[in-house]
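Residues per chain are reported as follows:
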Amino acid sequence: MLAYVIRRLFSTLLVMTMVAVFVFLLLHLSPGDPAAIIAGDNATPEAIDGIRLKLGLSDPLPVQFVRWIGHVLQGDLGVSIFSNEPVLKLVGQRLEPTLSLALTTLVVAVTLAISFGVLAAWKAGTWIDRVLMVISVVGFSVPTFVVGYLLIYLFAIELRWLPVQGYTPMNEGLDGWARNLVLPSMALGLAYIALIARITRASMLDVLSEDYIRTAKAKGVADESMLLKHALKNAGVPIVTIIGIGVALLISGVVITETVFNIPGIGRLVVDAIAKRDYPIIQGVILIFSGVYVLVNLLVDLTYTIIDPRIRY
Amino acid sequence: MSVATAPARSVPRFHPWRFVRRNPTLVAGAVILILMALLAVFAPLIAGDPIRMQPAQRLRPPSAVNWLGTDSLGRDVFARTVYGARVSLMVGLTVAFLSVGIGLMIGLLAGFFRTADTIVMRFMDGLMAIPAILLAIALVSLTRASVTTVIVAIMIPEIPRVVRLVRSVVLSVREAPYVEAAVAGGAPTWKILLRHIMPSTFPPLIVQATYICASAILIEASLSFLGAGTPPDIPTWGNMVASSRLFLSRAPWTIFAPGLALALVVLAVNLVGDGLRDRLDPRLTRRM
């Protein structure tokens, strides 16, 4: 077990190194002079030289990489070209809205998706199963921003049940905070729910056809107990895997959802940076989001032994 | 062995209606896609000018003249939606085709030559750890916006997924007796790879290609919506939603026409994918 954890940590480190190399190379492999690209179309030669100096772009690539990775390891992700603020500070200021949105969605979506998946597998072949699976295919096909605008139009503009957009910080009252998060979470979570529900159903169907389930049924074990204790636990590994992989959907979705609902989070930070060509921000946020994704999937791998004690490394 | 003595293979007669009944999702998806493709190809015959602005006719609701109304610059939403299908379908098909082609080559080599495998797969793991939309945003923001840039930016994060799939098939097939027989028979490596191993990767790859197509269409629209995609002067569904964002309550049709077209196309591609998977991979039939 310990050897497995160490091996897994090592490979995580390797993947993160590859991510770092790639994120670093992005700027340097793109056609044209990176300083000119960042400066934009109407920049004077002096402005371009200023940027080249500021980012140390005239040094050889390996030198630049070592310097950059050294700074990153010390928590220095560079400085925004536009506002001159450290990227990490800008991200920190935007952390609360993004974390609120992502964590709420994660918890609600996983709960709903597993319930839907179990229900569909239990009632396999009936209309409940069909309806749930149709919703799941549709949910996977409608883009996040279209879902978002549909929800705003229905629940905020027509019915006036919830605020149209914006974000209320937690310390200004949990009620406003929650009301502002309902629609964004639904928009963000739909594709994630669809994905997990499909895998849960498939994995449950595999398990439900096993002999020991038939034995449990013959013994007269109650349906709920059979589904949740006997089946779901054994169907758990693929479900947890897809929860981890699907976090990529949440991360990409956060960028879009925050734009639709005008939430001042990290996603908006990136979108605003695109328009201003503020490359250090884009680079920093990609690094952070990829790091989160890799760490989540490391945790997922490590939970396998808890879900299924038969797995021993 | 002459042709005449070989027993005639009985080819089962093709029954169109039975095919439709047995593959409802495949047929439904294909029909929607074909209709959309026809709309896209014959756009100039079907719809009016998607670019012409008529400021006097801004934000008009759907009518006999403008079937889906007009947008904030007085452009015809129906014409723009029809023309928008061109970019979406083109990006979806190109990305699916190219990333499957490139991924297939890399995957075959990585799966067959063990030395290349470790390096290539570590690189692919790193690429896969970066969320696709963010990677595409970074790539697009570094170059001048164009449809080509968008295609390349969406392709790069899709390739590793193809490589993984191809590699896993190669690893399971390379020890098969018929491949060993080909090696023992002295077949050159390229022939073993292309003639004996590559065909086994086709069924899962065809299914994967449809999912890549769906995801490429979604990512292109998302990039355009975020302002990091196709240049705003080209009518795409993402651009249409982005430019109409502020008019949701006054002119919902400007957002929902392109939005629903987008959802319909992606749904159709996903249905084709599910239908193909059920046909090509019977193990999974009726499961997912």
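Reading the values: rules and limits
Residues numbered from 1 in each chain as written. Chains lettered and ligands numbered in written order. Predicted model: local features only at pLDDT ≥ 70, side-chain atom pairs only at ≥ 80, totals over all residues. Heavy atoms only, no water. Patch = residues over 30% accessible without salt bridge, like charges linked within 9 Å, V, L, I, M, F, W, Y side chains within 5 Å. Areas by Shrake-Rupley, 256 points an atom, 1.4 Å probe, with all protein chains shown as cover. Salt bridge = Lys/Arg side-chain N within 4 Å of Asp/Glu carboxyl O. Helix = DSSP H or I, 4+ residues; strand = E, 2+ residues; numbered from the N terminus. Buried < 20%, exposed > 50% of the residue type's maximum accessible area, 1.4 Å probe, protein only. Contact = heavy atoms within 4.5 Å. Buried area = accessible area lost by both parts, 1.4 Å probe. Polar contact = N/O pair within 3.5 Å; in protein donor to acceptor, adjacent residues only side chain to side chain. Nonpolar A, V, L, I, M, F, W, Y, C, P; charged D, E, K, R; others polar. Axes fitted to C-alpha atoms, helices over the stretch in contact; angles between N-to-C directions. Parallel < 35°, antiparallel > 145°, perpendicular 65-115°, else oblique. Left-handed = near helix turned anticlockwise from the far one by under 90°. Phe/Tyr/Trp six-rings, centres within 6.5 Å; stacked < 30°, edge-to-face > 60°. Lys NZ or Arg CZ within 6 Å of the ring centre and 35° of its normal. Domains from an automatic or database assignment. Expected span 1.5 Å × (residues − 1). Bend = angle between axes of the 7 residues up to and from the residue. pLDDT = per-residue confidence, 0-100.

Another aspect to go through is a nonpolar patch on the surface. Residue and element names in this part refer to chain B. Among the surface-exposed residues, Val31, Ile34, Leu35, Leu38, Val41, Phe42, Leu45 and Ile46 lie close enough to one another that they form a single nonpolar patch of about 780 Å² accessible area. Put simply, the parts of the chain that give the nonpolar patch at least two residues each are helix 2 (24–41) and helix 3 (43–46). The biggest single contributor to the nonpolar patch is helix 2, with 5 residues. With respect to the helices, strands and loops of the structure, Ile46 is situated in helix 3. The class for Ile46 is partly exposed, based on a relative accessible area of 37%.

Another point: the interface of chain B and chain A. Note: interface size is frequently given as the accessible area lost on complex formation between the parts. Each side of the interface is counted separately: chain B has 47 residues, and chain A has 49 residues. Each partner contributes to the roughly 4200 Å² buried at the junction of chain B and chain A, and carbon and sulfur atoms together form 78% of this total. Across the chain B-chain A interface, the total number found is 1 salt bridge. Of the charged contacts in the structure, one is a salt bridge between Arg198 of chain A and Asp274 of chain B, with a shortest N-O distance of 3.3 Å. Taken together, chain B and chain A are joined by 3 residue pairs in polar contact (both at pLDDT 80 or more). Listing elements by their share of the side of chain B that touches chain A, those giving two or more residues are helix 5 (114–128), helix 6 (132–141), helix 9 (189–226) and helix 11 (253–280) of chain B. Across the side of chain B that touches chain A, the residue classes break down as 31 nonpolar, 8 polar and 8 charged.

Residue and element names in this part refer to chain B. With their axes 8 Å apart at the nearest point, helix 10 (residues 237–244) and helix 11 run at an angle of 150 degrees to one another. Taken together, the axes of helix 10 and helix 11 lie roughly antiparallel to each other. Relative to helix 11, helix 10 is oriented so that their crossing is left-handed. Residue-level inspection shows Trp237, Met240, Val241 and Ser244 of helix 10 in contact with helix 11, the latter providing Thr254, Ile255, Pro258, Gly259, Ala261, Leu262 and Val265. Residue composition of the contact of helix 10 with helix 11, by class: 8 nonpolar, 3 polar and no charged.

Overall, the coordinates contain 9 aromatic pairs over all chains when judged by the stated rule. Each ring, one from Phe155 of chain A and one from Trp161 of chain A, has its centre 5.8 Å from the other, and the planes form 35 degrees; the classification is tilted. Here a set of aromatic residues connected by ring pairs shows up, and it is made of Phe24, Phe65 and Trp68 of chain A. Over the aromatic face of Trp122 of chain A sits the side chain of Lys123 of chain A, whose NZ or CZ is 4.3 Å from the ring centroid. The side chain of Arg174 of chain B reaches across the aromatic face of Phe112 of chain B, ending 5.5 Å from its centre.

Turning next to the domain arrangement of chain A. Residue and element names in this part refer to chain A. For chain A, the assigned domains read domain 1 (24–76) and domain 2 (99–307). Each of domain 1 and domain 2 was reduced to a C-alpha centroid, and the two centroids are 37 Å apart. Opposite the 8 residues of domain 1 that make contact, domain 2 presents 4 residues. Taken over both partners, the interface formed by domain 1 and domain 2 buries close to 640 Å², and the fraction arising from carbon and sulfur atoms is 66%. Counting across the interface, domain 1 meets domain 2 through 0 salt bridges. Contributions of two or more residues to the side of domain 1 that touches domain 2 are made by helix 1 (2–29), helix 2 (34–39) and helix 4 (61–73). Broken down by element, the residue count for the side of domain 1 that touches domain 2 peaks at 3 residues, all from helix 1.

With 38 residues, helix 9 of chain B extends only 47 Å from end C-alpha to end C-alpha; this falls clearly short of the ideal 56 Å at 1.5 Å per step. Taking the largest bend as the criterion, helix 9 of chain B deviates by roughly 50 degrees, centred on Met198 of chain B, and proline Pro199 of chain B comes between one and four positions later.

Moving on, we come to the pattern of salt bridges. The tally for this structure, following the rule as stated, stands at 14 salt bridges over all chains. A salt bridge links Asp272 of chain A to Arg268 of chain A; its shortest N-O distance comes to 3.5 Å. Of the two residues, Asp272 of chain A and Arg268 of chain A both sit in helix 13 (residues 266–276), 4 residues apart, roughly one turn of that helix. Exposure remark for Asp272 of chain A: the relative accessible area of 26% places this residue in the partly exposed category. With a relative accessible area of 17%, Arg268 of chain A lands in the buried category. For Asp274 of chain B, the salt bridge is made with Arg277 of chain B, and the minimal N-O distance between the two is 3.8 Å. A residue pair is termed a helical-turn pair when its members lie 3 or 4 positions apart in one helix, as Asp274 of chain B and Arg277 of chain B do in helix 11 at 3 residues.

Attention shifts here to the confidence of the model for chain B. Residue and element names in this part refer to chain B. In the predicted model, chain B carries a mean pLDDT of 85, and 93% of its residues have values of at least 70. When pLDDT is averaged over each element of chain B, helix 4 (residues 77–112) comes out on top at 92 and helix 3 at the bottom at 82. ipTM for the predicted complex: 0.86, alongside a pTM of 0.88.

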